[in-house]
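Each chain is listed here by its residues.
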Amino acid sequence: MPEERPTMPPVRLRTDAELARDALAAPLLARAVRLARWAEPGKPVASGGVLPESELRAAIELLGLSGDEDGPEHTAQAWQLAVDTGLVEIDESEEASGAAAAAESDGDGDGKGDGDGADGAAPLGDEFSALAISGEELRLITEGGPRDILDIWLDGFETVLADAAAPDLGDIAAQISEGGELDLDAIDWNPEEEAEFLDGVLGNLYLLTALDEEAAAASVPLPALAASMIVPEDMDEPTDDILEEVSEAMVRLDDQFRLLAPTGLIDYQPVDEALIQEVDGEGRIQEPETAEELEDEDVSRYGMVRLTPLGIYAVRARMIEAGIDAPAVGDLADKGADILLDALPGHPEPAAQAEAEQWLARRTPEEAARELLAAARGDDEGAPLRRLTCQQTLSLVGTEAEPALREVLDDRHLGGLARVWLAEHGVAGVPEPPEAMVFWLTVDTLAAQLATEGDSAELRDLVRGLVDQSGSFFDSAWRVDHPATAEVLEAMGRLHPDKQAAKEARKAAFKARSRA
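Residues numbered from 1 in each chain as written. Predicted model: local features only at pLDDT ≥ 70, side-chain atom pairs only at ≥ 80, totals over all residues. Heavy atoms only, no water.

A.B. asks: Which residues make up the packing of helix 22 (residues 457-469) against helix 24 (residues 485-495), and what values do they have?
C.D. replies: Two elements in contact, helix 22 and helix 24, have axes whose closest approach is 10 Å; the angle formed by their N-to-C orientations is 100°. When the axes of helix 22 and helix 24 are compared, the pair comes out roughly perpendicular. Facing Leu459, Arg460, Val463 and Val467 of helix 22, the residues of helix 24 in contact are Met492, Arg494 and Leu495. Class assignment for the residues of the contact of helix 22 with helix 24 results in 5 nonpolar, no polar and 2 charged. (Axes fitted to C-alpha atoms, helices over the stretch in contact; angles between N-to-C directions. Helix = DSSP H or I, 4+ residues; strand = E, 2+ residues; numbered from the N terminus. Parallel < 35°, antiparallel > 145°, perpendicular 65-115°, else oblique. Contact = heavy atoms within 4.5 Å. Nonpolar A, V, L, I, M, F, W, Y, C, P; charged D, E, K, R; others polar.)

A.B. asks: Can you explain the nonpolar core? Please cite residues and give values.
C.D. replies: Counting 78 residues, the largest nonpolar core has Trp79, Leu87, Trp153, Phe257 and Leu265 as its most contacted members. Broken down by element, this core gets its largest block of residues, 9 residues, from helix 7 (residues 146-164). Sequence-distant contacts of Leu265, that is, excluding residues within four places in its chain, are made with Trp153, Phe157, Leu202, Leu260, Arg306, Leu307, Thr308, Gly311, Ala314 and Val315. (Core = buried A, V, L, I, M, F, W, Y, C linked by side-chain atoms within 4.5 Å. Buried < 20%, exposed > 50% of the residue type's maximum accessible area, 1.4 Å probe, protein only.)

A.B. asks: I'd like to hear about a negative patch on the surface, residue by residue, with values.
C.D. replies: Together, Glu233, Asp234, Asp236 and Glu237 make up a region of like negative charge exposed at the surface. Here Glu237 shows up in the loop between helix 11 (222-230) and helix 12 (240-260). (Patch = residues over 30% accessible without salt bridge, like charges linked within 9 Å, V, L, I, M, F, W, Y side chains within 5 Å. Areas by Shrake-Rupley, 256 points an atom, 1.4 Å probe, with all protein chains shown as cover. Salt bridge = Lys/Arg side-chain N within 4 Å of Asp/Glu carboxyl O. Lys, Arg positive; Asp, Glu negative; His and termini not counted. Charge placed at Lys NZ, Arg CZ, Asp CG, Glu CD.)

A.B. asks: I'd like a rundown of a positive patch on the surface, residues and numbers included.
C.D. replies: Together, Arg479, Lys503, Arg506, Lys507, Lys511 and Arg515 make up a region of like positive charge exposed at the surface. The partly exposed category is assigned to Arg479, whose relative accessible area is 48%.

A.B. asks: With reference to specific residues and values, describe the pairing of strand 5 (residues 266-269).
C.D. replies: Taking every second residue as pointing to the same face, the buried face of strand 5 carries Ile266 and Tyr268, while none of Asp267 and Gln269 on the other face is buried. With 4 bridges connecting them, strand 5 and strand 8 (residues 304-307) associate as antiparallel partners. Paired with Asp267 across the bridge in strand 8 is Arg306. (Pairing = 2+ DSSP bridges.)

A.B. asks: Lay out the sheet that holds strand 4 (residues 220-221) in plain terms, naming residues and giving numbers.
C.D. replies: On the basis of which strands lie adjacent, the open sheet formed by 3 strands has the order 4-8-5 and antiparallel pairing. Each end of this open sheet is capped by a strand with a single partner; those strands are strand 4 and strand 5. Against the sheet, helix 12 touches strand 5 and strand 8, its axis set at about 130° to strand 5.

A.B. asks: I'd like to hear about the sheet that holds strand 3 (residues 130-134), residue by residue, with values.
C.D. replies: If you trace the 3 strands from one edge of the open sheet to the other, you get 1-3-2, paired in antiparallel fashion. Because the sheet does not close on itself, it has two edges, and the strands there are strand 1 (43-45) and strand 2 (88-91). The average undirected angle you get between the axes of adjacent strands in this sheet is 35°. Bridging between strand 1 and strand 3 involves 3 bridges; their strand directions are antiparallel. Following the sheet pairing, Pro44 is matched in strand 3 by Leu131.

So, in structure tokens, the structure goes:
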């Protein structure tokens, strides 16, 4: 038997065109595209595509980052992204090497630059043996479709994500300068664990978005996000060791989110640097004792993050590649009504309505109603919930569906819900339902509610209302020819607050089982 795939709740995605516009507007890709166009005639670079210092200075000026202390770093990152994604290609052939050397000689005279070097620039004295030219992917930026742009953006995002999960370069440089071999244990870095941790954090943000779109529109405090990955669910009060782990994770995530934000994946407000303290050579964040003790403006000092629509798209793509079932609203639009009715109860309410609306938009009201009603029939265990979902979906259909609803007025499974729909739409000439049909629909509805909510407060109120409305409810209910009659009556016995009514419900359940 095949292993069941993990399943995420569905998310609403923007159109490819909207996402492509978001990708092109993201600071990192926008800069990379500008640098690729700048490199189109050919720029001399060192082996591997590193910009010479003179060209790096020109690139910084081109991007308008001359007055920014992080300008060299941002420029070098954008250039590297352009190379990694194929927006810029590096030609290291003999012919290109000669052209690069000639161009560098023409530009600076000695081919070595005239400064001490800058972040992202080739060291002084390097031989500039390659030529950077615009790549094929640059043409797709202007001539390709939205999907081409998104593919380029995803490739770039993956390289930045890998960099975000990499160890601190300063620690590596220190080890190498000491003449020792690179020891990952000594720098406290496990590549698989780090990648899994970052994926888990992004997965938590994705899940929040899928479950509650309104809550996801607001940013998540970084302490809460880090705690969700570290604090065990059954731990009431975190220990000092756990809180220290959370603090360390926040420092790490702050660095990683600062790197990821320019990709357009997340909206991120960094941790206030005044809160970061050095303890034994490592960064620590003094966490608030409790979130309740802080005002909103204070919480924001600890970092705030949310996935952008582009980020939702990217994380979903990674999940699908990892074998996780990560549906999007609209996936069921061309599926049968049986698949729709089985899937909708597991969707959050806004996503369920959006999914139903997209499914209905592909069909005429009458066609949709007939297909839904046919899929709602049955005496199996899941049938009551299918019928309730059918009724909820049909509430979105206009009066054009009336003929399909009238066709099932005498149907044992569907006649009750058809009458409810016709009455709600103000249709005239609807025959009164026989008493047996009323009781059958009541049992069917309660069975569906039990399947979705269990013994909820809402169901308790419904049960009480039914019994109070009809003093002889249990005298008739046990005779209902429905597979779930006994189960429903037993639940009514558990839920009704009145002891006498609960006793009558249990007796009726016993009769129903004996009759069956």
